[in-house]
Amino acid sequence: MAKINAAITGIGAYVPEYILTNDELSTMVDTTDEWIMTRIGIKERRILKGEGKGTSDMGAKAVNELLKKTNTKPEEIDLLICSTVTPDMQFPATANIISDKVGIKNAFSFDLNAGCSGFLFGMSTASKFIQSGLYKKVILVGADKMSSIVDYNDRSVSPIFGDGAGAVLFEPTIEDVGIIDEDLHVDGSGRVHLHQKAGGSVKPASHESVDAREHYIYQEGQPVFKAAVKGMADVSVEMMEKHNLSSEDIAWLVPHQANMRIISATAQRMNLPPEKVMINIEKYGNTTDGTLPLLIREWEKQLKKGDKLIFATFGAGFTWGAIYMKWAYNS
Ligand code: UT7
């Protein structure tokens, strides 16, 4: 029997309308456009405004666009996975809320949390359900309302993050396209450098935890930066070596958008020219689970069937990895 590959066959995405510029941020914390552009490479980020609006609202918009573009009915979907670090609530899963909002009734769904590597780990997970032959249409959503956990009094964290969502459809194919290989890692000891102190079972929410601002992102920038540069570059180069890929062979690097300097260091180690690197950090910042689908949504029209792509991420956990994919369609 022919091997079943898992291919992305469509993409949808959504970013909120409100644009928080570096100039506006400079009125909120002690920072400047120049510092943010030089150290991170972000000009502006999107913020989801509105009472009662959460991650599922952005995820549902991305899924609706995906269903429309691929001419797929909600009842055809077998499984929906949502990767997020900002679920609507601790339970139930945001994936279930998205499914409800878009009318997906015949599927099961669940959330996945792997920090900024969530979408990459989700690609791995979604593809297994397809490769097993058990399911035919699996949606992977990457969505985060990072503004809900960013402390806008903290100048070291507030410039970095933005809100956004993307969704892809995975389907089976026997052609030589789709996910070819993956190399995923975690190092839980890295959690000390990047986490949310309160709101979980170790430290449930209390007046004290709110007063101490412990429901926001806690990040020690430099150790995370060092681990990110090494983690993302190492796995990407190893993936190239394993598959005998030269920089000419690779059509695109699809890197997590955390810091322009991390992206450039990874591309440099892979010997890739800037024109082969998808970058939209300047417009959206780090949307955590949204970065990879927002990139391929923006570049979709330029992608050609058979294009060789390397996806690479690093995030809280620590989590990191690379996926080698051959693109499955022409738009
Ligand atoms: O996707 C999740 C994974 N996260 C990441 O990949 C983030 C990795 N880390 C980074 O991207 C960088 O470490 C940051 C962007 C967070 C910080 O950049 P940095 O070059 O590592 O700066 P730093 O933390 O070493 O701070 C340098 C200086 C400090 O001042 P002093 O102590 O030298 O006087 C900071 O107080 O820059 C200061 N600073 C700022 N100045 C103006 C920190 N944030 C700001 C700011 N504006 N927004």
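Predicted model, so just to flag it, every value in this text is computed and none were measured.

This next bit is on the sheet that holds strand S8 (residues 178-186). The strand order across the open sheet built from four strands is S8-S13-S12-S11, with neighbouring strands paired in mixed fashion. The open sheet is flanked by S8 and strand S11 (252-255), the only strands paired with a single partner. Taken over all neighbouring pairs, the strand axes of this sheet differ in orientation by 15° on average, direction set aside. In the sheet, S8 pairs with strand S13 (residues 319-326) via eight bridges, with the strands oriented antiparallel. In the sheet register, Asp 181 faces S13, and the bridge partner there is Tyr 324. Helix-sheet contacts for helix H5 (residues 118-131) involve S8, strand S12 (308-315) and S13, and the interaxial angle to S8 is about 130°.

Once that is clear, we can look at the domain arrangement of the protein. Along its sequence, the protein is organised into domain 1 (5-178) and domain 2 (180-326). Distance from the C-alpha centre of domain 1 to the C-alpha centre of domain 2: 14 Å. In total, about 4200 Å² of surface goes out of reach between domain 1 and domain 2, with carbon and sulfur atoms giving 58% of it. In this structure, the connection of domain 1 to domain 2 is made through six salt bridges.

Here we come to the nonpolar core. Judged by nonpolar contacts, the single largest core of 40 residues is most densely connected at Phe 161, Ile 217, Ile 250, Leu 253, Met 270, Ile 310 and Phe 314. For this core, the elements supplying multiple residues, two or more each, are helix H7 (221-242), helix H8 (260-269), S12 and S13. For this core, the leading source of residues is H7, giving seven residues. Shared between two domains, this core holds at least three residues of each, these being domain 1 (5-178) and domain 2 (180-326).

Once that is clear, we can look at the packing of helix H3 (residues 55-69) against helix H4 (residues 94-102). The relative placement of two packed helices comes down to the angle between their axes together with the axis-to-axis distance. Where H3 contacts H4, the axes come no closer than 9 Å and their chain directions differ by 50°. One way to sum up the angle between H3 and H4 is to call them oblique. Where H3 crosses over H4, the two elements pack in a sense that is right-handed. Residues Thr 55, Ser 56, Asp 57, Gly 59, Ala 60, Val 63 and Asn 64 of H3 lie in contact with H4, whose contacting residues are Thr 94, Ile 97, Ile 98, Lys 101 and Val 102. Of the residues that constitute the contact of H3 with H4, the class distribution is five nonpolar, five polar and two charged.

Definitions and limits used
- Starting afresh in each chain, residues are numbered from 1 along the sequence in its written order.
- Residues qualify for local features only when their pLDDT is at least 70, as the model is predicted, and side-chain atom pairs are given and counted only at 80 or more; totals for whole chains, interfaces and linings, by contrast, use all residues.
- Each side-chain value is derived from all of the structure's non-hydrogen atoms; neither hydrogens nor water enter the calculation.
- Two strands pair if DSSP finds at least two bridges between them.
- The way it works is that DSSP assigns letters per residue, a run of H or I at least four long becomes a helix, a run of E at least two long becomes a strand, and they are numbered from the N terminus.
- Orientation is described by axes fitted as lines to C-alpha atoms, over the contacting stretch for helices, and by angles from 0 to 180 degrees between their N-to-C directions.
- The contact criterion used is simple: two residues touch if any of their non-hydrogen atoms lie within 4.5 Å.
- Boundaries of every domain are those given by an automatic assignment or by a domain database.
- Once two parts are put together, the accessible area they lose, assessed with a 1.4 Å probe and summed over both, is termed the buried area.
- In what follows, salt bridge is the name for a side-chain nitrogen of Lys or Arg lying within 4 Å of a carboxyl oxygen of Asp or Glu.
- Residues belong to one nonpolar core when they are buried, are Ala, Val, Leu, Ile, Met, Phe, Trp, Tyr or Cys, and are joined through side-chain atoms within 4.5 Å.
- For every residue, the accessible area (1.4 Å probe, protein chains only) is compared with the maximum for its type, and the residue is labelled buried under 20%, exposed over 50%, or partly exposed between those bounds.
- Under this scheme an angle from 65 to 115 degrees is roughly perpendicular, one under 35 degrees roughly parallel, and one over 145 degrees roughly antiparallel; angles in between are oblique.
- Helix crossings get a hand from a simple test, with the near helix turned counterclockwise from the far one by less than a right angle marking a left-handed crossing and a clockwise turn marking a right-handed one.
- Residues were grouped as follows: Ala, Val, Leu, Ile, Met, Phe, Trp, Tyr, Cys and Pro as nonpolar; Asp, Glu, Lys and Arg as charged; and all remaining residues, including Gly, as polar.

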